[in-house]
Amino acid sequence: MKPITTSIAIIYAMLLGSSKFQKYRLYVIFGLIFCLVGDTFLLNPRYFIFGLLSFLIAHLFFIIAFLAIQGLNKSPLIAAAILIPGLLFYLYIMPYLETLKYPVLIYVMVILVMCWQGTALFDKLRSRRFLYVNVAVCLFVISDTILAYNKFVTAFHEASLLILLTYWSSIFLLSLSTLKDH
C-alpha cells in the first residue's frame, strides 16, 4: 500500500501544484519520487540500506525545496530543539545498529536538518502552505523514530500502524504544500 499512496501524493502535487512556487514544487515532487523508490525497496527487508539511501536523497530534495523559498535559515533555537533530541535518540539506538552505525548517523543528520529547515521556514513565513511543511517534517521524524526503535531496539505491535499514519500524513502534507493558495 505504501507505494500506491506515495504515488497518489506525487500525482496530486504534479496535477494541482501551484506555479507560484515552481522550483519548490519541483523539488518536493523529486523528494516524493525518492520516497516512492524507498517505499519500494523497503517492501523487502534485504534492501533496507537502499531504502535508507532513497529516503536520504528524498530529504535532501526537501531541504533544497525549503532553501529555494528562503535560503538557509540559521534559527539556533529551532536547530537546538530539533538536533539535540534527535542526536540523543541516535546515541540511544547506536549500540543496536551494528554495521549500520555510520549510514544511520548520516541519515539522522540529514532528516534532522530537513526538519530544522522546514520548521524554520514556517517560523519565518507563517502561512497555511508552510504550516503543512512544519507538521509534515515533524511527522516524518516521528515516523522514522518509531521505525528505528521498532527495527533496532524492540519491535512492538502498534509500530506498523503508527509508522504508516505518521508517514502518510507527512507525505500528503508535503504534497498539499505545493498546491495553489486557498
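A brief structural summary. Source: prediction; values computed, not measured.

## Concerning the overall build of the protein
Assigned secondary structure in the protein consists of 7 helices and 0 strands. Its C-alpha atoms give the protein a radius of gyration of 16 Å, near enough to 16 Å, the size a compact globule of 182 residues would have. Taking the principal axes of its C-alpha atoms as reference, the protein extends roughly 45 × 40 × 25 Å. Residue burial in the protein is summarised as follows: out of 182 residues, 47% are buried. Restricting to contacts in the protein with at least 6 residues of sequence separation, those with at least 24 account for 74%. Surface summary for the protein: the accessible area is close to 9400 Å², and the carbon and sulfur share equals 73%.

## Observations concerning the nonpolar core
Membership of the largest hydrophobic core comes to 53 residues, with the highest contact counts inside it found for Phe62, Phe66, Val104, Met114 and Phe140. Listing elements by their share of this core, those giving two or more residues are helix 1 (2-16), helix 2 (22-41), helix 3 (48-70), helix 4 (76-93), helix 5 (101-124), helix 6 (128-153) and helix 7 (159-176). A total of 12 residues in this core trace back to one element, the largest contributor, which is helix 5. Those residues in contact with valine 104 that lie beyond four places of it in its chain are Leu52, Tyr90, Ile93, Leu97 and Phe152.

## Remarks on helix 1
Compared with an ideal rise of 1.5 Å per residue, which puts 15 residues at 21 Å, helix 1 spans 21 Å between its outermost C-alpha atoms and is within 8% of the ideal. For helix 1, the full list of buried residues reads Lys2, Pro3, Thr5, Thr6, Ala9, Ile10 and Ala13. Structurally, helix 1 contributes buried residues whose contacts are with helix 2 and helix 7.

## Points about the packing of aromatic side chains
Aromatic rings considered in pairs are described by the distance between their centres and by the relative angle of their planes. Overall, the coordinates contain 18 aromatic pairs when judged by the stated rule. Taken together, a centroid distance of 6.4 Å and an interplanar angle of 35 degrees make the contact between phenylalanine 89 and tyrosine 92 tilted. Of this pair, phenylalanine 89 and tyrosine 92 both sit in helix 4, 3 residues apart, roughly one helical turn. With relative accessibility at 21%, the residue phenylalanine 89 sits in the partly exposed group. In this structure tyrosine 92 comes out as partly exposed when scored by relative accessible area, which is 43%.

## Notes on the pattern of salt bridges
Per the stated rule, a full pass over the model turns up 1 salt bridge. For arginine 126, the salt bridge is made with aspartate 123, and the minimal N-O distance between the two is 3.2 Å. Among the residues examined, arginine 126 registers a relative accessible area of 58% and is labelled exposed.

## Points about helix 2
Given a rise of 1.5 Å per residue, 20 residues ought to cover 28 Å, and the 29 Å separating the end C-alpha atoms of helix 2 matches this to within 8%. Every buried residue of helix 2 is listed here: Tyr24, Arg25, Val28, Ile29, Gly31, Leu32, Cys35, Gly38 and Asp39. Residues of helix 2 that are buried sit in contact with helix 1, helix 3, helix 6 and helix 7.

What counts, and at which threshold
- Residues numbered from 1 in each chain as written.
- Predicted model: local features only at pLDDT ≥ 70, side-chain atom pairs only at ≥ 80, totals over all residues.
- Heavy atoms only, no water.
- Helix = DSSP H or I, 4+ residues; strand = E, 2+ residues; numbered from the N terminus.
- Rg over C-alpha atoms; globule rule 2.2 N^0.38 Å.
- Buried < 20%, exposed > 50% of the residue type's maximum accessible area, 1.4 Å probe, protein only.
- Contact = heavy atoms within 4.5 Å.
- Areas by Shrake-Rupley, 256 points an atom, 1.4 Å probe, with all protein chains shown as cover.
- Core = buried A, V, L, I, M, F, W, Y, C linked by side-chain atoms within 4.5 Å.
- Expected span 1.5 Å × (residues − 1).
- Phe/Tyr/Trp six-rings, centres within 6.5 Å; stacked < 30°, edge-to-face > 60°.
- Salt bridge = Lys/Arg side-chain N within 4 Å of Asp/Glu carboxyl O.

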